[in-house]
Amino acid sequence: MTSALLVMVGIALALGAALGAASVLFRTQGDPLVDKIDAILPQTQCGQCGYPGCKPYATAIAGGEADINQCPPGGDEGVRKLADLLGREYKPLNAEHGVEKPKSVAVIDEATCIGCTLCIQACPVDAIVGAAKQMHTIVSDLCTGCELCVPPCPADCIAMVPVAETVDTWKWRYPVFELRTAHARTQSAEEAA
Amino acid sequence: MLRKLFSFNGGVKPDPNKSASTREPIARLPLPPQLVIPLHQNIGGTPRPLVRVGERVRHGQRIGAADGNVSSAVHAPASGIVMAVEPRLMPHASGLSAMAVVIEPDGQDEHVEREPFDWKAASADEVRDYLRDAGVVGLGGAVFPSHLKLSPGRAMATHTLVINGAECEPFITCDDMLMRSEAHDILHGAQIMKRLLGARQVLVGIEDNKPEAAAAMRAAAAALGDPSIEIVVVPTRYPAGGAKQLIRVLTGIEVPHGSRSTDYGVQCFNVATALAVLNALERGEPLVRRIVTVAGNVERPRNFDVAIGTPIGFVFQHAGLKPDTDKLIMGGPMMGIPLPDMDAPVVKATNCLLASSPALFPPPQPELPCIRCGECARACPADLQPFELYWHSRARNFGRAQEYHLFDCIECGCCAYVCPSHIPLVDYYRYAKSEIWARERDKDAADSARERFEFRNWRAEREREEKAAKLAARSAAAARPAAAATGAEADDPKKALIEAALARARAQKDAAAARATDELAPAGGQQAGTGGLQQAQAGGELVQAAPSDKQVE
């Protein structure tokens, strides 16, 4: 009787110690869910979701403060991925936060630029080079297309130019011929009516 | 000596259609009125243009320099004037344009001085750099820069060099005709490659439907008297000319997923690449021409020796394009890509130009649902499960498609060839592959943006801290005199600073007022002594003690 009790108590202590040690040793730094959500977000850092950057939005989603359909650059596919990750229902992009656009980059009209540096301060990814009273230009490879540099420009010299497809970035088209499109269209028209 | 041959799984036996273009020897095509030489003709980086519009170039002059080591130079195939360096239509399924150098030949065909290169005395790195700058790429169709493949294996010493003369795809006969006419030079090139690789043996694989080529190569091997070279005739079965398939047939080595043949001591080159290496190293001739089979719906199917950059329309003119041609294909009927237009140029990858007509290649039958018969899996030479790849690609489930080793697919088209439902399976794989590549590019861009965004935030934070530290230091320095002057407690650094500044201003104004009153009236001096601040302010306003205002700031 006593020996059985001692054995059980011994096992309990050993397991408790092991669990306690594991909780200290394998403690995760930060919230892994936030990082997973952040990995799905497009890192445009545009703030269209209402948060100052992708990471804060990811934190808000993880905390249940924000919905998953507030990221227009991530688009429909981004919402689907988030829905998959979080086990939530898919919902279409919230139009309040903007609409999905083709990927664009900002281009400065260098003849009009007055060198005010306002766009440089606005750029979240340091993709604009220039100095005070010197012409600015955008490193298009680094530009995320967030459009944050457009409103501050006093000379109105920044335009968003869609990224053209090249031989290297061209994609083979989806081979399925959507024969049901017309039918679906009439259906949706009926529903609308 | 009989060699034990191995076999690969699957494969198909389409009608070879090779006899039409092998009746006549290779003809040298004259230069077109204008050559359009794309800069990007290799796997890897796009070469940088080295010439300007209006410049005169000579035959063999480098017009595009390799961009980094995973790249390959391009050269002028004739002497002439550079008319433009601009985007031109590419022989690519997209129908998009890319940078090209347009040269108008002057008909003099003046060569650059050929500098003899003593490759035997040069180090291996020098030879590789030389081949890169001579623009030698794999001419079997993949255009992988050859210099990158010509180094002894890292994981294992390369023991076998496989020279690929199998040429399994229907209609294409450029390697066959090249072996018939240039057998000696091909083997000489193979010997150079063997030496660079440190290989012990050279196996030349030729399909048994090319007896003339095999005989010519055997005769050349006998003439060379090199016992390490062996000409091996392999059974005709598509795709025996795939690198992994030919290596398996010749050596029995099955290169597993995720590794390369060099990890198992085998390297594989096309016969035309062996000749290009010889031309570059022994003759100082860069790669500016290649053999192109023109076949299909043409009057005179034949092989042409074509300058790279020749418009496809010009090549077809010489072969006599029949009027009912509905489509042009670069490559063979199994793996070829549709060409956008007659203006697209011949590039280093162009092994065959095929004219298609409704009679020759009937339009594809309507696609029916997959009936899960498994024919495609039996035909797949890469031992994949094409139906799984198809379902996942079609459902845009790219992660699953990759789990089924989508990237081991060589796009040979055997699965689509045998499919009873006429599903264009390869189209789905190409779609899925290009989507996955695009996602990887997006992911890399997003990672870089995240890093830059985080760095920017860190920098902003650091700047804020530095400013705060500077402020604290200044206020600490100012706190003592300020406190002494006003007696105020400087608990808040900002307040202390303001106090200090005010104290300084007061002191200056006092001094200025004192001076002013001295000059104005002796009575003021008495007041200044009694009514401190009021007087100082009045005095300041009176004489416009401007310097003191500025100093306060």
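What counts and how
Residues numbered from 1 in each chain as written. Chains lettered and ligands numbered in written order. Predicted model: local features only at pLDDT ≥ 70, side-chain atom pairs only at ≥ 80, totals over all residues. Helix = DSSP H or I, 4+ residues; strand = E, 2+ residues; numbered from the N terminus. Buried ≥ 20, exposed ≤ 12 C-beta atoms within 10 Å, placed from the backbone. Contact = placed C-beta atoms within 7 Å. Axes fitted to C-alpha atoms, helices over the stretch in contact; angles between N-to-C directions. Parallel < 35°, antiparallel > 145°, perpendicular 65-115°, else oblique. Nonpolar A, V, L, I, M, F, W, Y, C, P; charged D, E, K, R; others polar. Expected span 1.5 Å × (residues − 1). Arc of directions from axis to C-beta. Domains from an automatic or database assignment. Core = buried A, V, L, I, M, F, W, Y, C linked by C-beta atoms within 7 Å. pLDDT = per-residue confidence, 0-100. Pairing = 2+ DSSP bridges. Left-handed = near helix turned anticlockwise from the far one by under 90°.

Okay, the overall build of chain B next. Secondary structure summary: chain B contains 16 helices and 17 strands in total. Counting every position in chain B, which comprises 553 residues, the buried fraction comes to 46%. Expressed as a percentage of contacts within chain B between residues at least 6 apart in sequence, the contacts between residues at least 24 apart total 70%.

Residue and element names in this part refer to chain B. Contact pair helix H3 (residues 174-197) / helix H4 (residues 211-224): the axes reach a minimum separation of 8 Å and the direction vectors enclose 10°. Between H3 and H4, the angle is such that the two are roughly parallel. Taken together, the residues of H4 that come into contact with H3 (itself represented by Asp176, Met179, Arg180, Ala183, His184 and Leu187) are Glu212, Ala213, Ala216, Met217, Ala219, Ala220, Ala221, Ala223 and Leu224. Among the residues making up the contact of H3 with H4, the classes are represented as eleven nonpolar, one polar and three charged.

With respect to the secondary-structure elements, His405 of chain B resides in the loop between helix H10 (398-403) and helix H11 (414-418). If we ignore the near neighbours within four places in the chain, the residues touching His405 of chain B are His257 and Leu384 of chain B.

What follows covers H4 of chain B. All names here are of chain B. Helix length check: H4 (14 residues) gives 20 Å between terminal C-alpha atoms against 20 Å at 1.5 Å per residue, within 8%. Buried residues of H4: Ala213, Ala214, Ala216, Met217, Ala220 and Ala221, and no others. Seen along its axis, H4 keeps its buried residues to an arc of 165°; they face one direction. Exposed residues lying more than 90 degrees from the buried face of H4 are Pro211, Glu212, Ala222 and Ala223. Those residues of H4 that are buried lie in contact with strand S9 (160-165), H3, strand S10 (201-207) and strand S11 (229-234).

A separate point is the environment of Ala476 of chain B. Mapping Ala476 of chain B onto the fold places it in helix H12 (residues 425-486). Along the primary structure Ala476 of chain B and Arg28 of chain B are separated by 448 residues, whereas in three dimensions their C-alpha atoms are 88 Å apart.

Before going further, it helps to examine the domain arrangement of chain A. Residues and elements named next belong to chain A. Domains assigned within chain A are domain 1 (32-97) and domain 2 (102-165). In this assembly, six residues from domain 1 lie in contact with seven residues from domain 2. Class assignment of the residues belonging to the side of domain 1 that touches domain 2 gives a composition of one nonpolar, five polar and no charged.

Facing 20 residues of chain A, the contacting portion of chain B comprises 20 residues. The class makeup of the residues in the side of chain A that touches chain B is ten nonpolar, six polar and four charged.

Let us now look at the nonpolar core. Ranked by size, the top nonpolar core spans 139 residues in total, and within it Met217, Ala274, Val292, Val315, Leu353 and Leu425 of chain B carry the most contacts. In terms of residues, this core owes the most to one element, H3 of chain B, which gives eleven residues. By size, the runner-up hydrophobic cluster in this structure holds 18 residues, among which are Cys46, Cys119, Ile128 and Cys153 of chain A.

So, about the confidence of the model for chain B. Overall, the prediction assigns chain B a mean pLDDT of 88, with 90% of residues at 70 or greater. Model confidence for the complex: the whole-complex pTM is 0.81, and ipTM, which rates the interface, is 0.81.

Moving on, we come to the pairing of strand S2 (residues 35-38) of chain B. Residue and element names in this part refer to chain B. Burial along S2 is two-sided: the residues Leu35 and Ile37 and Val36 and Pro38 are all buried. Strand direction decides the pairing type here: S2 and strand S8 (residues 97-105), joined by four bridges, are antiparallel. Bridge pairing links Pro38 to Ala100 in S8.

Cis geometry is adopted by the peptide bond preceding Pro239 of chain B, which originates at Tyr238 of chain B and carries an omega value of -5°. Residue position: Pro239 of chain B is located in the loop between S11 and helix H5 (243-251). For Lys133 of chain A, which is not glycine, the phi torsion reads 60° and is therefore positive. In this structure, Lys133 of chain A sits in the loop between strand S2 (128-129) and strand S3 (137-138).

With that settled, the discussion passes to the sheet that holds strand S17 (residues 352-356) of chain B. Residues and elements named next belong to chain B. Taking strand neighbours across the sheet as the criterion, the six strands line up as S1-S14-S13-S17-S15-S16 in an open arrangement whose pairing is mixed. The strands lining the two open edges of the sheet, one partner per strand, are strand S1 (27-28) and strand S16 (337-338). Bridge analysis of strand S15 (residues 327-330) against S17 gives four bridges, and the strand direction is antiparallel. Directly across from Ile329, in S17, lies its bridge partner Leu354.

We now examine the packing of H3 of chain B against helix H6 (residues 271-283) of chain B. All names here are of chain B. Across the interface, H3 lies against H6 with an axial gap of 7 Å and an inter-helix angle of 55°. Between H3 and H6, the angle falls in the class oblique. Crossing hand, H3 versus H6: left-handed. Residues Asp175, Leu178, Met179, Glu182, Asp185, Ile186, His188, Gly189, Ala190, Ile192 and Met193 of H3 form the contact with H6, whose own contacting residues are Val271, Ala272, Ala274, Leu275, Val277, Leu278 and Leu281. Of the residues assigned to the contact of H3 with H6, the class counts are 13 nonpolar, two polar and three charged.

Time to look at the sheet that holds S8 of chain B. Residues and elements named next belong to chain B. A sheet is described by the order of its strands in space; here four strands give the open sequence S2-S8-S7-S4, paired in antiparallel fashion. Two strands bound the open sheet, and with one partner strand each, they are S2 and strand S4 (56-57). Note: strand S7 (residues 80-89) against S8, nine bridges, orientation antiparallel. Bridge pairing in S8 places Pro87 opposite Met99.

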